[in-house]
Amino acid sequence: MTDGLRRPVTALTGAGVSAESGVPTFRGEEGLWRRHRADELATPTAFRRDPLLVWEWYDWRRRLIDQCLPNPAHHTLASMEETLSPFTLITQNVDGLHQAAGSVNVLELHGSIWRVRCTACSHVSEDYRVPLPDLPPHCPECGELLRPDVVWFGESLPADVLAAAWEAARRCRTMLVIGTSATVQPAASLPLAALRGGGTLLELNPAATPLSRHAHTVIRAPAAQALPNWWEAHRFG
Ligand code: OAD
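About the thresholds
Residues numbered from 1 in each chain as written. Predicted model: local features only at pLDDT ≥ 70, side-chain atom pairs only at ≥ 80, totals over all residues. Heavy atoms only, no water. Domains from an automatic or database assignment. Contact = heavy atoms within 4.5 Å. Buried area = accessible area lost by both parts, 1.4 Å probe. Salt bridge = Lys/Arg side-chain N within 4 Å of Asp/Glu carboxyl O. Polar contact = N/O pair within 3.5 Å; in protein donor to acceptor, adjacent residues only side chain to side chain. Nonpolar A, V, L, I, M, F, W, Y, C, P; charged D, E, K, R; others polar. Helix = DSSP H or I, 4+ residues; strand = E, 2+ residues; numbered from the N terminus. Near = heavy atom within 4 Å. Areas by Shrake-Rupley, 256 points an atom, 1.4 Å probe, with all protein chains shown as cover. Pairing = 2+ DSSP bridges. Axes fitted to C-alpha atoms, helices over the stretch in contact; angles between N-to-C directions.

Structural notes on the domain arrangement of the protein
How big an interface is tends to be stated in terms of the accessible area lost upon association of its parts.
Turning to step 1, where the next piece is worked out: For the protein, the assigned domains read domain 1 (9-22 + 69-110 + 157-234) and domain 2 (28-67 + 116-150).
Turning to step 2, where the next piece is worked out: Computed over C-alpha atoms only, the centres of domain 1 and domain 2 are separated by 25 Å.
Turning to step 3, where the next piece is worked out: With five residues of domain 1 at the contact, the number on the domain 2 side is six residues.
Turning to step 4, where the next piece is worked out: Interface of domain 1 and domain 2: buried area, both sides summed, is about 370 Å²; carbon and sulfur atoms make up 63% of it.
Turning to step 5, where the next piece is worked out: The largest contributions to the domain 1 side of the interface with domain 2 come from Val94, Asp95 and His110, which together make up 64% of the buried area.
Turning to step 6, where the next piece is worked out: Here domain 1 is connected to domain 2 by zero salt bridges.
Turning to step 7, where the next piece is worked out: Our enumeration of links across domain 1 and domain 2 arrives at zero residue pairs in polar contact (both at pLDDT 80 or more).
Turning to step 8, where the next piece is worked out: Counted by class, the side of domain 1 that touches domain 2 contains two nonpolar, two polar and one charged residues.

This is the structure we're talking about:
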């Protein structure tokens, strides 16, 4: 292995890894938060106020993501999981494209747009129907309102997933940070935990982020093109 890829390896991905699949990012010129208000669509208060509005927005995103295929960056990360051991993939994305590419162990910090959770009995199930037949949907177990099983602003991340992510960040020797603006906590702090643990950081992002100055290597390019190239150059050490 070269200095560029010391094991264990942990990767943290954000919306940018799915950009070339056609999934909109959140920030930046074409970002979702430019056209939609997070406080009206992605908070518990917004959902209590208008569950139908929130569900219509999630149903629209589900339909959009359903049309998207994983790109070479997703496939490269799946290949890393097969080749490198240990390897941990942490994502802030809810789109399921890592799993569609073949990644098996994915720590989904912000949940999944393909799962629904009951607001009353907490029953969780996968639901891949697009569009959803009835909005807002109701729980098959108790009949109460379902919500997307995602993390909204002001909510805690799933404790077990977050604990595993901290552990993978602390123990890794290389952390790949791909396609995230590194502005949303606690995800944005995971690379700093990797640094404190003695790991090296590689940032792959066409734009600078608050993390850039900490990174040992910075690749300013789109992930679908640059990650496969980087992997080809480093996989055999
Ligand atoms: P952002 O939209 O904040 O950032 C996307 C990042 O991807 C930016 O830094 C872009 O420069 C970069 N990018 C764009 N195209 C890229 C490409 N082709 N290859 C690589 N990078 C590219 O998305 P996140 O950082 O994921 O949370 O946002 C974090 C969280 O904020 C999301 O999980 C979501 C959002 O609000 C919740 O909804 C709770």
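Focus: the environment of Glu56
Turning to step 1, where the next piece is worked out: Inspection of the secondary structure assignment puts Glu56 in helix 4 (residues 51-66).
Turning to step 2, where the next piece is worked out: Sequence separation between Glu56 and Leu41 is 15 residues; the distance between their C-alpha atoms is 9.6 Å.

What about unusual backbone geometry?
Across residues other than glycine, the phi torsion is negative in most instances, and most of the peptide bonds are trans.
Turning to step 1, where the next piece is worked out: A cis geometry characterises the amide bond from Arg7 onward to Pro8, with omega recorded as -5 degrees.
Turning to step 2, where the next piece is worked out: Positionally, Pro8 belongs in the segment before strand 1 (9-13).
Turning to step 3, where the next piece is worked out: Residue Pro86 is bonded to the preceding Ser85 through a cis peptide linkage, with omega at 0 degrees.
Turning to step 4, where the next piece is worked out: With respect to the helices and strands, Pro86 occurs in the loop between helix 5 (72-83) and strand 2 (87-91).

Brief notes about the site of the ligand
Turning to step 1, where the next piece is worked out: Around the ligand, the structure places 22 residues, and the nearest of them are Phe26, Arg27, Thr180, Ser181 and Asn205.
Turning to step 2, where the next piece is worked out: Side-chain polar atom of His110 to an oxygen atom of the ligand: 2.8 Å apart, as the coordinates give it.
Turning to step 3, where the next piece is worked out: Between an oxygen atom of the ligand and a side-chain N or O atom of Thr180, the distance comes to 2.7 Å.
Turning to step 4, where the next piece is worked out: Out of a free accessible area of 790 Å², the ligand has 89% covered by protein chains.
Turning to step 5, where the next piece is worked out: Among the residues forming the shell around the ligand, the class breakdown is eleven nonpolar, nine polar and two charged.

Quick word on the sheet that holds strand 9 (residues 217-219)
Turning to step 1, where the next piece is worked out: In space, the six strands of this open sheet follow the order 3-2-1-7-8-9, with parallel pairing throughout. Edge positions in the sheet fall to strand 3 (106-108) and strand 9, since each of these pairs with one other strand and no more. Ignoring strand direction, the axes of neighbouring strands in this sheet form an average angle of 15 degrees.
Turning to step 2, where the next piece is worked out: Examined bridge by bridge, strand 8 (residues 200-204) and strand 9 share three bridges and lie parallel to one another. Bridge assignment links Leu204 to a residue of strand 9, and that residue is Ile219.
Turning to step 3, where the next piece is worked out: Sheet strands in contact with helix 5 are strand 1, strand 2 and strand 7 (174-178), and its direction is about 150 degrees off that of strand 2.

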